[in-house]
Amino acid sequence: MNLPKKVVLCEVGPRDGLQNEPKILSVEEKVKLIDSITDSGFKVIEVGSFMHPKAVPQMASTDEVFKKIKTKDGVEYRALIANMKGLERAMDCGCRKVKLNVSASKSHNLANLNRTPEQSVAGFKETVQAAASCNIEISGSISMPFGSPWEHEIPVDDVKKIVQAYIDAGVTEISLSDASGMAVPSQVYNICTEMQKEFPMVKWILHFHNTRGLGVANIIAGMQAGITWFDTSFAGVGGCPFVPGAAGNVSTEDVLHMLDEMNIETGIDLDNTILISKMLVKILGHSTDSYILRAGKSKDLILDLPTGQKK
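Residues numbered from 1 in each chain as written. Predicted model: local features only at pLDDT ≥ 70, side-chain atom pairs only at ≥ 80, totals over all residues. Heavy atoms only, no water.

1. Brief notes about the nonpolar core
Quick note on the threshold: Throughout, nonpolar core names a set of buried Ala, Val, Leu, Ile, Met, Phe, Trp, Tyr and Cys residues whose side chains join them through atoms within 4.5 Å. Using a 1.4 Å probe on the protein chains alone, a residue whose accessible area is under 20% of its type maximum counts as buried, one over 50% counts as exposed, and one in between counts as partly exposed. The secondary structure listing takes helices from DSSP runs of H or I that are at least 4 residues long and strands from runs of E that are at least 2 residues long, numbered from the N terminus. The contact criterion used is simple: two residues touch if any of their non-hydrogen atoms lie within 4.5 Å.
Counting residues in each nonpolar core, the largest one holds 83 residues, and the members touching the most others are F66, I142, V163, Y166, W204, L206 and L280. With seven residues, helix α12 (residues 270-284) is the largest single contributor of residues to this core. Those residues in contact with Y166 that sit more than four places away from it in its chain are L100, N101, V102, V121, F124, G140, S141, I142, V171 and I174.

2. Observations concerning unusual backbone geometry
Positive phi, close to 70°, is recorded for H152, a residue that is not glycine. For H152, the position within the fold is in the loop between β5 (137-143) and α8 (156-169). For H152, a relative accessible area of 51% puts it in the exposed group. We note that A235 has phi near 65°; this positive angle belongs to a residue other than glycine. Considering the arrangement of structural elements, one finds A235 in the loop between β8 (229-232) and α11 (252-261).

3. Digging into the pattern of salt bridges
Which entries qualify depends on this criterion: We define a salt bridge as a side-chain nitrogen of Lys or Arg found within 4 Å of a carboxyl oxygen belonging to Asp or Glu.
Counted by the stated rule, this structure contains 15 salt bridges. Between K160 and E194 there is a salt bridge, with the nearest N and O atoms lying 2.5 Å from each other. Of the two residues, K160 is situated in helix α8 and E194 in helix α9 (residues 185-198); the sequence distance between them amounts to 34 residues. We classify K160 as buried; its relative accessible area is 11%. The exposure class of E194 is partly exposed, given its relative accessible area of 33%. When salt bridges with common partners are traced through the structure, they connect R15, D16, E46, E76, R78, K97, K99, E173, K203 and D231 into a single cluster.

4. Here's the deal with helix α2 (residues 27-39)
We apply this condition: Given the number of residues in a helix, its expected span is that number minus one, multiplied by 1.5 Å.
The end-to-end C-alpha distance of α2 is 18 Å, a good match for the 18 Å that 13 residues give at a rise of 1.5 Å each. Listed as buried for α2 are V27, K30, V31, L33, I34, D35, S36, I37 and T38. Those residues of α2 that are buried lie in contact with β1 (8-11), α1 (13-17), β2 (44-49), α3 (62-68), β3 (76-80) and α12. After α2 finishes, the residue G41 shows a positive phi value of roughly 110°.

5. Things to note about the environment of I292
Within the fold, I292 resides in helix α13 (residues 291-295). The exposure class assigned to I292 is buried, which follows from its relative accessible area of 8%. Spatially, the C-alpha atoms of I292 and L206 are 21 Å apart, while their sequence positions differ by 86 residues. If sequence neighbours within four positions are ignored, I292 has contacts with E253, D254, H257 and I274.

6. A few points about the environment of E21
Here E21 shows up in the loop between α1 and α2. Judged by its relative accessible area of 7%, E21 falls in the buried class. Through-space distance from the C-alpha of E21 to that of M91 is 27 Å; in sequence the pair is 70 residues apart.

7. Here's the deal with the environment of L25
Checked against the element boundaries, L25 lands in the loop between α1 and α2. Other than its neighbours up to four places away in sequence, L25 contacts L18, K30, L33, L280, I283 and L284.

8. Topic: the side chain of H209
Quick reminder of the rule: Within 3.5 Å is the distance limit for a polar contact, defined as a pair of N or O atoms, with the added protein rule that one can donate a hydrogen and the other accept it, and that residues adjacent in sequence qualify only through two side-chain atoms.
Among the secondary structure elements, H209 is positioned in the loop between β7 (203-208) and α10 (215-224). Relative accessible area serves as the criterion here: at 3%, H209 is assigned to the buried category. At 3.5 Å, the side chain of H209 and the backbone oxygen of A179 are in polar contact. Engagement of the side chain of H209 in a polar contact is seen with the side chain of H207, the distance being 3.2 Å.

Listed below in structure tokens is the structure:
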């Protein structure tokens, strides 16, 4: 199996995970979680989003969180924005990396914004230019490129048009986000191989939900295709509140455990990551879809043969 020796995990739990939770965490709780994530060795952390508080109340405190977290050199702290207003909020609180998003589903994008996906991305150009003038890095995300509940299949050529629109707007870091949880490994491998061949100037990130149990398998397919950057969420919390049934980001500790067992380097402390996820579960007050939180690490499972108990 042709796999990379090193990958980067981007922790998106503080944003994509918590925005789907009914409980709204305090600024202090968010700061403690994010500082712990930094201390565990993550190099990319999605702190929150600068959406309207009425639309996403769970993210209303992102500005204050950015001001209070202990940032570390060499760590990217990013946030999701929708427009110029979001960029202005990012500038005001010291956020140095922002991400834009568009849906690959024409039906979804037209219903919500009355624009095609390509028109939406073209409209980002002013925001991209403003970010560059303020030395704020910017990336783009495409939701549901592997399938949507509205069209089911999204033509690859439609996704390529969105990618080209991002490039034309000045964005060359792009995330393919399986918000609907419909991706399958063969499809991931084929699309990622094709995208890298056609757009070699793009830095690719993959974002999978574990909605139908294929999140980890899709990450392996992405690695086989040559992708080395992946979004994950602590304790497997989150999902997309705008897509029916698309709950459950792929769990950070599940992916990290797999990579450790496969001797693929991440620079992240698995034991600390598990403790962070346990802390989060306690704060939320409910269990989550994390296999490692239920079963523990494989290396901890050393049984005594006569008794069947742990040594």
